[in-house]
Amino acid sequence: MLNDDQKRRLLRVARESLEAAVTGTRGPNLETQDPALREKRGAFVTLKRQGQLRGCLGYVEGIMPLIEAVAENAAAAALRDPRFPPVRPNELPEITIEISALTPLVPVEDPEQVEVGRHGLMVCLGPNRGLLLPQVPGEFGWQREQFLAHTCLKAGLSPDSWRDPAAQLYSFEAEVFGEEDYT
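Residues numbered from 1 in each chain as written. Predicted model: local features only at pLDDT ≥ 70, side-chain atom pairs only at ≥ 80, totals over all residues. Heavy atoms only, no water.

The end-to-end C-alpha separation of helix α3 (residues 66–79) is 20 Å, in line with the 20 Å expected for 14 residues at 1.5 Å each. Burial analysis of α3 places eleven of its 14 residues in the buried class, the great majority of the element. For α3, the complete set of buried residues consists of L66, I67, A69, V70, A71, N73, A74, A75, A76, A77 and A78. In the core, the buried residues of α3 are packed alongside α1 (4–23), α2 (35–38), β1 (43–49), β2 (52–59) and β3 (95–102). (Helix = DSSP H or I, 4+ residues; strand = E, 2+ residues; numbered from the N terminus. Expected span 1.5 Å × (residues − 1). Buried < 20%, exposed > 50% of the residue type's maximum accessible area, 1.4 Å probe, protein only. Contact = heavy atoms within 4.5 Å.)

This part is about the side chain of N73. Within the fold, N73 resides in helix α3. Among the residues examined, N73 registers a relative accessible area of 3% and is labelled buried. Excluding anything up to four places from it in sequence, N73 contacts A43, V45, L57, G58 and Y59.

It is worth spelling out the layout of surface pockets at this point. Considering only enclosed or pocket space, the largest pocket measures out at about 640 Å³ in volume. Contributions of two or more residues to the lining of the largest pocket are made by β1, β2, β6 (128–132) and α4 (136–140). Looking at the lining of the largest pocket, the element that brings in the most residues is β2, giving five residues. When grouped by side-chain class, the residues that make up the lining of the largest pocket number twelve nonpolar, six polar and seven charged. Taken as a whole, the second largest pocket spans an internal volume of roughly 170 Å³. In terms of lining, the second largest pocket is formed by T46, K48, G51, T96, I97, E98, V176, F177, G178, E179, E180 and D181. For the lining of the second largest pocket, the secondary structure elements donating two or more residues are β1, β3 and β8 (174–178). (1 Å grid on protein atoms, 1.4 Å probe; cavity = no way out; pocket = protein on both sides within 12 Å on 5 of 7 lines; lining within 4 Å. Points joined across faces, edges and corners; volume = space filled by probe spheres on them. Nonpolar A, V, L, I, M, F, W, Y, C, P; charged D, E, K, R; others polar.)

Now the structure itself:
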């Protein structure tokens, strides 16, 4: 678990990375001796503008230190989320940041084990792969089967593909925190 100081540091890094990416200026200093921030963890950075999604990208698995993953994904969410045009400098004051620091993926043997609001999901079937963060079903009021169906849709699959014996389901948890938690 991250403490408040670590969360504030990650939010500051995300904000500075976002602003640097959008304005073309130098990014934040990522040097740290904090073992929690140096741990390799999956992380997503979500950008919202006036409460609406404006970008969200991340890494499911821990391929780099958490502090670096947050910095990289804040910039990527601003400029490279294919669902949105790049964030413009005049939008920066209206953007809020949320970070999801992930636990490792765990294979789901029984979909009944998926807890809405606690688990995030990833489904893999053939070349298709889709992921939804733990907070998503709560935002839409979904129950377990709706969550499973929407994860399949995110993967470009039919909503009931999670029932396919060849489908691989994985769950994970996330520490979710945002700028709004520390204002």
